[in-house]
Amino acid sequence: MDWALRCVRGGCLAAFGAAMLCVAPSVHAAETLVAVAANFRDACTEIGRAFGETTGHRAVFSFGPTGQLYAQIAQGAPYDVFLAADRARVERALAEGLAVEGSRQTYASGRLVLFSMDASLVTGPETLTGAGFQRLAVAEPEIAPYGSAAIQVLHALAVHDRIKDRLVHGQSVTQAYQFVHSFNADLGLVALSQVVSHQKGSRWIVPEDLHEPILQDAILLRRGAANAAAKAFLEFLRSPQADAVRTRFGYGLAR
């Protein structure tokens, strides 16, 4: 109070008012808890930083397999926003009254890649028909959309029955990638976003016509219906800043 009075008496009332305007946005800053599919971890972390710098809001992320995150939401986990690795879980959230009608959007389209840390192992789809590998890592198809897509690819290439005993399942596409990166699996059908900036190894980007589209949908959950930060985050996902991050990590920009 004494400081403010001294400012007024010294003729700095205008400056004091300007300072209050500068800090005003922080008064309205809010926080949102976002459940995010494991494959989008790196891209989302970067988008989250830009979101905070641009809006003043804070997004706190929880990463995991889409099926596991959905189960948590259904059991009352306090998430405001759900970024799934597919469309089915988001549609189910709407059908079960867990999400806000009209808030769904496709925030990314995913790509699969056959990847190995061995620089000479992956030469193309023929790699999967040879005897040059012992273990192929995929995400668990029952709970992870990238895992389901991986199994579709193996069937499309008519190699599933031949190599099914060599499959190693990760709880998420992140764990599947970790199996490959740690040399616990020779190969992995993983997300392109996980290896797009990787300077080592060998890869074959899987043609999209070998599996159903991996359309990754986001939605506002009931708990976040009145949360300004949650709504702002979903809006920010459509921004040019978020688009630039998605492109850099190998995602499509489907809306």
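Quick notes on the rules
Residues numbered from 1 in each chain as written. Predicted model: local features only at pLDDT ≥ 70, side-chain atom pairs only at ≥ 80, totals over all residues. Heavy atoms only, no water. Helix = DSSP H or I, 4+ residues; strand = E, 2+ residues; numbered from the N terminus. Contact = heavy atoms within 4.5 Å. Salt bridge = Lys/Arg side-chain N within 4 Å of Asp/Glu carboxyl O. Buried < 20%, exposed > 50% of the residue type's maximum accessible area, 1.4 Å probe, protein only. Pairing = 2+ DSSP bridges. Axes fitted to C-alpha atoms, helices over the stretch in contact; angles between N-to-C directions.

(A) Up close: the environment of Q241. Tracing the backbone through its elements, the reader meets Q241 in helix α11 (residues 240-248). The spatial distance from the C-alpha of Q241 to the C-alpha of F51 is 8.9 Å, given a sequence separation of 190 residues. Those residues in contact with Q241 that sit more than four places away from it in its chain are A50, T54 and F236.

(B) Spotlight on the pattern of salt bridges. Inspection of the entire model under this criterion finds 10 salt bridges. As a salt-bridge pair, R104 and D217 come within 3.5 Å of each other at their nearest N and O atoms. Of the two residues, R104 sits in the loop between α5 (88-95) and β4 (105-110) while D217 sits in strand β10 (residues 214-220), which places them 113 residues apart along the sequence. We classify R104 as partly exposed; its relative accessible area is 36%. Through salt bridges with shared partners, one network takes in R87, E91, R104 and D217.

(C) Looking closely at the sheet that holds strand β7 (residues 167-170). Taken in spatial order, the 5 strands make up an open sheet running β7-β6-β8-β5-β9, and their pairing is mixed. Two strands close off the open sheet at either side, each with one partner strand: β7 and β9 (202-205). In this sheet, adjacent strand axes meet at a mean angle of 30° when their direction is disregarded. With respect to the sheet, helix α6 (residues 145-156) is in contact with β5 (112-116), β6 (136-139), β7 and β8 (187-191), its orientation differing from that of β5 by roughly 80°.

(D) Here's a closer look at the sheet that holds strand β2 (residues 58-64). An order of β2-β1-β3-β10-β4 is seen for the 5 strands of this open sheet, with the pairing classed as mixed. Each having just a single partner strand, β2 and β4 make up the two edges of the open sheet. Across the sheet, the mean angle separating the axes of adjacent strands is 20° when strand polarity is ignored. As judged from the 3 bridges shared by strand β1 (residues 31-37) and strand β3 (residues 81-83), these two strands associate in the parallel manner. Paired with V34 across the strands is V81, a residue of β3. The strands that α5 touches are β3 and β10; relative to β10, the one it contacts most, it runs at about 30°.

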